[in-house]
Amino acid sequence: MEVITNSYPIRQFNVTYDWQEIQQRYLRLYAGLVSDALEHLGYHSQCMASGIYPLTHTMKVAGPAFTCHGIATPSRDEKVHDIRLGMFKSMTPGVVQVRDTQGDTSCGQFGEISATAAHAHGCVGAVIDGSTRDSNYLIDMGFPTFCRFRNPVEAFGRFMVVDYQIPIYVKGMEGLLKINPGDYIFGDNDGVVVVPYDLTIQVLELAEEWFASEAKSRQAMAEGRNPFDVYEEFGRF
């Protein structure tokens, strides 16, 4: 859905599932298992490139992607800068903000005030294919934030989000990884996995099945059972 308000489009992607239920189910899992499920279904390049991690090891994020396209620019045009007004109004409950940065390293491209505004509009976390600043504030407010590095330099006059809720590219394990609005984002201390929207439930159910099998396999291994027998019985090792 797109509506033009005060020159800034309102683009809301409404998922067809209960976002809270699906989020809680995903949060019980881990990134490796979600990646394995995608591989099993024939999707072999759905992880962001190594180096993108949460600010603290306990942070996890799960939700449909709210995409943001940013560029390096010296512009201080307030009208362009305030595109974020339409961006925040376009957010729906449970989204994860994902920002591309085109490889820019000049500044902190996400910070505590941006997180506060996004959270107020339903956003549950952020994945920045670049940097953040205000790290301690983000940690203290408990806002799950994933990034590649940290930088205290202000973004205004160096970097700007110029569009949102459009397909974007981020660094993937095998080149560029495309993320569409609504694709499911899952991240933990191992990295970030992108699940195509239409596979959100299928991947979840498969990963949950394997998660249960792994728990039984883990217990059997801890009891000292023959590993060949364990693998034959549970199929996960």
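Basis of the calculations
- Position numbers for residues count from 1 along each chain, tracking the sequence in the order it is written.
- Totals for whole chains, interfaces and linings use every residue, but because this is a predicted model, local features are given only for residues with pLDDT of at least 70 and side-chain atom pairs only at 80 or more, for both listing and counting.
- Based on all heavy atoms of the structure, the side-chain values leave hydrogens and waters out of the count.
- Only DSSP runs of H or I reaching four residues or more are called helices, and only runs of E reaching two or more are called strands; each is numbered from the N terminus.
- Think of it in three bands: with a 1.4 Å probe and only protein chains considered, a residue is buried below 20% of the maximum accessible area for its type, exposed above 50%, and partly exposed in between.
- Any two residues whose heavy atoms approach within 4.5 Å are treated as being in contact.
- Reported accessibility uses the Shrake-Rupley method at a 1.4 Å probe radius. Residues are deemed covered only where the shown protein chains occlude them.
- Any Lys or Arg side-chain nitrogen located within 4 Å of an Asp or Glu carboxyl oxygen qualifies as a salt bridge.

*Asks:* Account for the overall build of the protein chain, naming residues and giving values.
*Replies:* Looking only at helices and strands, the protein chain features 8 helices and 14 strands. Out of the 237 residues belonging to the protein chain, those deemed buried represent 50%. Within the protein chain, residue pairs in contact and separated by at least 24 positions form 75% of the contacts whose partners lie at least 6 positions apart. Accessible surface, the protein chain: about 11,400 Å² in total, of which carbon and sulfur atoms supply 51%.

*Asks:* Residue-level account of the pattern of salt bridges, with values.
*Replies:* Throughout the structure, instances matching the rule amount to 6 salt bridges. One salt bridge connects Arg 25 with Glu 208, and the closest N-O pair in it is separated by 2.7 Å. You can see Arg 25 sitting in helix 1 (residues 19-27) and its partner Glu 208 sitting in helix 7 (residues 200-222), a full 183 residues away along the chain. By relative accessible area, which is 18% here, Arg 25 ends up buried. Looking at Glu 208, the relative accessible area reads 24%, which means it is partly exposed. With its nearest N and O atoms 3.7 Å apart, the salt bridge here joins Asp 82 to Arg 84. Judged by relative accessible area, Arg 84 falls into the partly exposed class, the value being 36%. In this structure, a network of salt bridges that share partners links the residues Glu 21, Arg 25 and Glu 208.

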